[in-house]
Amino acid sequence: MSHDDATEGAPDAEPRSGLSQSMFLPLDLPLDFEAFYLGHQEPFHAYAEVHFGTREVAEEVIHEVFLQIHAGWTELLSSGSLEQGAWAIMRRAVHDRLDREGRAPAFVINGPIAQALAPALATARDKLQKMESTSGLYEAISELPNRQFEVIVLRYILGYPTAKVAWYVGIDERTVGHHLRRGKERLRVKLGLPDERKRPHPKGERP
């Protein structure tokens, strides 16, 4: 977001990038912060929206998140883990608000997560389709450890490629893959689904 963009966010101007006027940050931002904002506001808003169910609330929360990031920008830069530190601020803000309002994430309520995760849980597809309710899957996803939860949401619910997930969260692609595998395995065990790795293979077929 350039200084000109922020100036054009005045009351009688049209907001840019589909963001409401409330999302414009203060003027005189450091250029590196502006670059970070431009690169990360999309996944931050998407992550918040999938939790709250509305763009309006997501914008409100993420506006406050970027104000917090801006206030601690110098410390975040010197920490050596800018993306992870900023992501932690965002994640905490989202989940703190959910806790205050006493409600589950919107993706748990609205779905359909089963369809989003079906390719990832290909061995479980038949069983997922036969379930009377996918509430068990929703609950299992919500109970994943933080990092596994994040990469599952970003990769399979929001549809970001692994490389983008790695960049947004501040870890390398192999680590993303590791968390995805661990998360899917936890879901498989939690849902009582068969382990495809132990399925007998026809003669001559390699696993």
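Residues numbered from 1 in each chain as written. Predicted model: local features only at pLDDT ≥ 70, side-chain atom pairs only at ≥ 80, totals over all residues. Heavy atoms only, no water.

A closer look at the environment of Ala 163
Within the fold, Ala 163 resides in helix α11 (residues 162-169). Take Ala 163: its relative accessible area is 43%, and that puts it in the partly exposed class. Sequence separation of Ala 163 and Arg 174 is 11 residues, and the distance between their C-alpha atoms is 9.5 Å. (Helix = DSSP H or I, 4+ residues; strand = E, 2+ residues; numbered from the N terminus. Buried < 20%, exposed > 50% of the residue type's maximum accessible area, 1.4 Å probe, protein only.)

Topic: the packing of aromatic side chains
Two numbers describe a pair of aromatic rings. These are the distance of the centres and the angle of the planes. Counted by the stated rule, this structure contains 10 aromatic pairs. Both rings, one in Phe 44 and one in Trp 87, keep their centres 5.4 Å apart while their planes meet at 80°; by these two values the pair is edge-to-face. With a gap of 43 residues between them, Phe 44 in helix α2 (residues 31-52) and Trp 87 in helix α5 (residues 82-101) connect regions that are remote in the sequence. The exposure class of Trp 87 is buried, given its relative accessible area of 0%. A centroid spacing of 5.4 Å and a plane angle of 75° characterise the contact between Tyr 160 and Tyr 168, whose relative ring orientation is edge-to-face. Looking at Tyr 160, the relative accessible area reads 8%, which means it is buried. (Phe/Tyr/Trp six-rings, centres within 6.5 Å; stacked < 30°, edge-to-face > 60°.)

Describing the packing of helix α10 (residues 146-157) against helix α12 (residues 173-191)
The interhelical angle for the contact between α10 and α12, taken along N-to-C directions, is 100°, at an axis separation of 8 Å. Compared by their axis directions, α10 and α12 come out roughly perpendicular. Touching Arg 147, Gln 148, Val 151, Ile 152, Arg 155 and Tyr 156 of α10 are Val 176, His 179, Leu 180, Arg 182, Gly 183, Lys 184 and Arg 186, all from α12. In terms of residue class, the contact of α10 with α12 is built from 5 nonpolar, 3 polar and 5 charged. (Axes fitted to C-alpha atoms, helices over the stretch in contact; angles between N-to-C directions. Parallel < 35°, antiparallel > 145°, perpendicular 65-115°, else oblique. Contact = heavy atoms within 4.5 Å. Nonpolar A, V, L, I, M, F, W, Y, C, P; charged D, E, K, R; others polar.)

Quick word on the nonpolar core
In this structure, Phe 44, Val 65, Phe 66, Ile 69, Trp 87, Met 90 and Val 94 are the most contacted members of the largest nonpolar core, which totals 48 residues. Counting residues per element, the ones that place at least two in this core are α2, α3 (55-71), α4 (73-79), α5, α9 (135-142), α10, α11 and α12. If you tally residues by element for this core, the top one is α2, at 9 residues. Apart from residues lying up to four places away in sequence, Val 65 is in contact with Phe 44, Ile 89, Met 90 and Ala 93. (Core = buried A, V, L, I, M, F, W, Y, C linked by side-chain atoms within 4.5 Å.)

Quick look at the side chain of His 179
By the secondary structure assignment, His 179 is in helix α12. Taking the relative accessible area as the measure of exposure, His 179 reaches 17% and is therefore buried. Sequence-distant contacts of His 179, that is, excluding residues within four places in its chain, are made with Arg 147, Gln 148, Val 151 and Ile 171.

Remarks on the layout of surface pockets
Looking at the second largest pocket, its volume works out to about 170 Å³. What lines the second largest pocket is Arg 91, His 95, Leu 98, Asp 99, Arg 103, Ala 104, Pro 105, Ser 142, Leu 144, Pro 145, Asn 146 and Phe 149. Every element with two or more residues in the lining of the second largest pocket is listed here: α5 and α10. Per element, the largest residue contribution to the lining of the second largest pocket is 4 residues, and it comes from α5. (1 Å grid on protein atoms, 1.4 Å probe; cavity = no way out; pocket = protein on both sides within 12 Å on 5 of 7 lines; lining within 4 Å. Points joined across faces, edges and corners; volume = space filled by probe spheres on them.)

Considerations on the pattern of salt bridges
By the definition in use, this model includes 8 salt bridges. Arg 97 serves as the salt-bridge partner of Glu 101, at 2.8 Å between the closest nitrogen and oxygen. Remark: Arg 97 and Glu 101 occur in helix α5; sequence separation between them is 4 residues, near one turn of the helix. Judged by relative accessible area, Glu 101 falls into the partly exposed class, the value being 37%. Relative accessible area serves as the criterion here: at 16%, Arg 97 is assigned to the buried category. With a shortest N-O distance of 2.8 Å, Glu 150 and Arg 147 are connected by a salt bridge. Of this pair, Glu 150 and Arg 147 both sit in helix α10, separated by 3 residues, roughly a single helical turn. One network of salt bridges, with partners in common, ties together Glu 49, Arg 55 and Glu 59. (Salt bridge = Lys/Arg side-chain N within 4 Å of Asp/Glu carboxyl O.)

Functional significance is not addressed by these values, which are geometric in nature.
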